[in-house]
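As a plain string of letters, each chain reads:
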Amino acid sequence: AFNKVEVTSHETATRWMTDFDAFQEAINQDKSYMSTFTRSMSLVLDEFYKNIRTVGVSAATGLGIDKFYEAVESAAKEYEEVFMPMMEKKRKLAAERKAEKEKREIAKIKKEMQDSK
C-alpha cells in the first residue's frame, strides 16, 4: 500500500512498477550513479513487480481504505488457497524424503553389523 496519497499520488510509482518503458524513460533522464545502478537492476525489478498488487491509501482522509481492505482480504484468500497447500505439499515431501533416508541409514547400519559378525 502506498500511504499519504492525499499529499502525492501513487500513480507514478504504480505506472513505473507496471510499465517497464515508462520506468526506463524516467531513470534515463538522470545520469547519477543511482540511476545507473537502477538501470542495471531494472530487469530484476520488472520481474519482482509483476505480481505485486498495489493500492493507494490515506490514513489522514481514509481515501482508498476500502480498496486496501479488499487487497488484504484477497491476499489472505490467496495465501490460504495457493500458498498453504503448496507449503503443505513441500512439507509432506520433505518428511517422506527424511523417512526414506532414515530407512536407508538403518538398513546400512544393520548390514554393517551383520557383516562384522
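Residues numbered from 1 in each chain as written. Predicted model: local features only at pLDDT ≥ 70, side-chain atom pairs only at ≥ 80, totals over all residues. Heavy atoms only, no water.

**Some points on the overall build of the protein chain**
As a reminder of what qualifies: Helix and strand assignments come from DSSP, with helices taken as H or I runs of at least 4 residues and strands as E runs of at least 2, each series counted from the N terminus. Computation of the radius of gyration draws on C-alpha atoms, with the globule rule given as 2.2 Å multiplied by the number of residues to the power 0.38. For every residue, the accessible area obtained with a 1.4 Å probe (protein chains only) is divided by the maximum for its type, and the residue is called buried under 20%, exposed over 50%, and partly exposed between those limits. Areas reported here follow the Shrake-Rupley algorithm with a probe of radius 1.4 Å; residue values treat only the protein chains shown as occluding. When charges are counted, Lys and Arg are positive and Asp and Glu negative, with His and the chain ends excluded. Charge placement uses NZ in Lys and CZ in Arg. For Asp and Glu, CG and CD serve respectively.
Counting its secondary structure elements, the protein chain contains four helices and zero strands. Going from N to C terminus, the protein chain has its helices and strands arranged as α-α-α-α. Against the globule reference of 13 Å for 117 residues, the protein chain gives a C-alpha radius of gyration of 25 Å, more extended than a compact globule. By principal-axis analysis of the C-alpha atoms, the protein chain measures approximately 80 × 40 × 20 Å. Across the 117 residues in the protein chain, those meeting the buried criterion constitute 13%. As presented, the protein chain carries roughly 9,900 Å² of accessible surface, and 58% of it is formed by carbon and sulfur atoms. Side chains of the protein chain give 21 positive and 21 negative charges; the mean places of these two sets differ by 11 Å.

**Some details on the side chain of Ser58**
The test is simple: Only heavy atoms matter for contacts: two residues are in contact if any of them lie within 4.5 Å across the pair.
With respect to the helices, strands and loops of the structure, Ser58 is situated in the loop between α3 (33-49) and α4 (65-115). Ser58 gets classed as buried once you look at its relative accessible area, which sits at 1%. The contact partners of Ser58, leaving out residues within four places of it in the chain, are Asn3, Lys4, Val5, Glu6 and Leu63.

**Concerning α4**
Put simply, the rule reads: To estimate how far a helix should extend, the number of its residues minus one is multiplied by 1.5 Å. The angle separating two fitted axes, one through the seven residues that finish at a residue and one through the seven that start at it, defines the bend at that residue.
Here α4 is 51 residues long and its end C-alpha atoms lie 72 Å apart, about the 75 Å a rise of 1.5 Å per residue gives. The sharpest bend along α4 reaches about 40° and sits at Tyr79.

**Some remarks on the packing of helix α2 (residues 20-28) against α3**
Note the cut-off: Axis lines are fitted through C-alpha atoms, for helices just across the contact stretch, and the angle between N-to-C directions can take any value from 0 to 180 degrees. By definition in this entry, angles of less than 35 degrees are roughly parallel, angles greater than 145 are roughly antiparallel, angles of 65 to 115 are roughly perpendicular, and the rest are oblique. Classification used: nonpolar for Ala, Val, Leu, Ile, Met, Phe, Trp, Tyr, Cys and Pro, charged for Asp, Glu, Lys and Arg, polar for all others including Gly.
Here α2 crosses α3 at 170°, and the two axes come no closer than 10 Å. When the axis of α2 is compared with that of α3, the two are roughly antiparallel. Across from Phe20, Phe23, Gln24, Ile27 and Asn28 in α2, the residues of α3 making contact are Ser35, Thr38, Arg39, Ser42, Leu43, Leu45 and Asp46. Of the residues in the contact of α2 with α3, the class split is five nonpolar, five polar and two charged.

**Some thoughts on the pattern of salt bridges**
Put simply, the rule is: Should a side-chain nitrogen of Lys or Arg be within 4 Å of a carboxyl oxygen of Asp or Glu, the pair is scored as a salt bridge.
By the definition in use, this model includes three salt bridges. With its nearest N and O atoms 2.1 Å apart, the salt bridge here joins Glu78 to Arg53. Here the residue Glu78 occupies a position in helix α4, and Arg53 occupies one in the loop between α3 and α4, the gap between them amounting to 25 residues. Arg91 is paired through a salt bridge with Glu88; the nearest N and O atoms lie 3.0 Å apart. Residue Arg91 and its partner Glu88 are located together in helix α4, separated by three residues, close to a single helical turn. For Glu88, a relative accessible area of 43% puts it in the partly exposed group.

**Section: a nonpolar patch on the surface**
Our working definition: Excluding any residue in a salt bridge, patches collect residues exceeding 30% relative accessible area, merging like charges within 9 Å and nonpolar Val, Leu, Ile, Met, Phe, Trp and Tyr side chains within 5 Å.
On the surface, Tyr33, Met34, Phe37, Met41 and Val44 cluster together to form a nonpolar patch covering roughly 520 Å² of accessible area. Secondary-structure assignment places Met34 in helix α3. Classification of Met34 as partly exposed rests on a relative accessible area of 48%.

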